[in-house]
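Summary of structural features
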Amino acid sequence: MRKLIKRVVIAGQKGGIGKSSIGRALAVALTQRGKSVILADLDASQQTTTDWTLAREANGITPAIRADVLKVGETGFEIANTKDVDVIIYDCPGWSDQHTLGAAAFADLTILPTSSGADDLRPLVRLAYDLESAGIDMSHVVVALFRISSQAEAKAARDYIAAAEGIEIQVAAGMIAEGISIKQAHGVGQSAIEVGGDKQRASVVKLIDDLIGRIDSSDRAGADVSDWSQFDWNSV
C-alpha cells in the first residue's frame, strides 16, 4: 500500500507576494512538529529554495529542510523518493497555468498569498475565480496575508476579499508583517517563523498554526501520489 501524503500548493499570479516566505515557514513549523517534509520548488530556473536550504545547512540552523526542484512534465509534478514523506509543499512560479490548477485539484490545501495592495489583491481574486471555474473545491483554498504593516491594513485586505462577488474566499488568521526582515533571514537560511520580535513572530505563528490546522483536517487524506499521473492536465 502506498503512503498517503498531504500536499500543499502555494500559488499566485505574480512574484513577490510571499509564496516562498510562507512555504519555508510552513516547512520549518511542520518539521519542528515531527513531520517529514519536502519543500518542492517548481521554478527550476531559479532554484532559490535549494539555495535557502544550503544556506540553512551551512549556518547550522535546525531543523534541516529537504528541498527538491521539480520537473514539470506531461504528467504533472514528478518527485522521486517520497518514501516516509508526510507533507509535500509545492512552491509554484509567479503565474498560474494548467499545472497549477491541476495541482490545486488534488491538494489538501492551496494557499494564495497576498499583500494589501490593489496590485496584488486584484490578481488574487482573479486567480480565485480561475480556481473555482476549474472545479476546485474552494473549501481547500485559503488566502494568507503577507507584508502587512498594521491591523487596519489587514482588515482592509480582508474586507476587499470578502467583497468579491459570487465567490467565498477564505482568509487565514494571522499574517506576516512588513517589519520582519525576510530577505536577510532567507539569506542565512532562516524562515519568517524564526525571526522578528515577539509580537511580529506571534502573528506569523498564528498564520502558520491556522494553515497547519487546515492541512491536518483535510478530508482528502493525502490522495495517493499515483493520482497525479492519471490527471488530464489539459482539462483545466
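For the structure itself, look to the data block above.
A brief look at the structure comes next.

Definitions and cut-offs
- Residues numbered from 1 in each chain as written.
- Predicted model: local features only at pLDDT ≥ 70, side-chain atom pairs only at ≥ 80, totals over all residues.
- Heavy atoms only, no water.
- Salt bridge = Lys/Arg side-chain N within 4 Å of Asp/Glu carboxyl O.
- Helix = DSSP H or I, 4+ residues; strand = E, 2+ residues; numbered from the N terminus.
- Buried < 20%, exposed > 50% of the residue type's maximum accessible area, 1.4 Å probe, protein only.
- Expected span 1.5 Å × (residues − 1).
- Arc of directions from axis to C-beta.

**Quick look at the pattern of salt bridges**
For the structure shown, the criterion picks out seven salt bridges. The partner of D120 in a salt bridge is R147, and the shortest N-O contact between them spans 3.8 Å. Of this pair, D120 sits in helix α4 (residues 118-133) while R147 sits in strand β8 (residues 141-148); the two residues are 27 residues apart in sequence, bridging distant segments of the chain. Among the residues examined, R147 registers a relative accessible area of 31% and is labelled partly exposed. K155 is paired through a salt bridge with D159; the nearest N and O atoms lie 2.8 Å apart. Of this pair, K155 and D159 both sit in helix α5 (residues 151-162), four residues apart, roughly one helical turn. A network of salt bridges, in which partner residues are shared, links K14, D120 and R147.

**A few points about α5**
Given a rise of 1.5 Å per residue, 12 residues ought to cover 16 Å, and the 16 Å separating the end C-alpha atoms of α5 matches this to within 8%. Of the residues making up α5, those classed as buried are A154, A157 and I161. Down the axis of α5, the sector holding all buried residues measures 65°, keeping them to one side. Away from its buried face by more than 90 degrees, α5 exposes A152, K155 and A162.

Taken by themselves, the reported measurements are silent on function.
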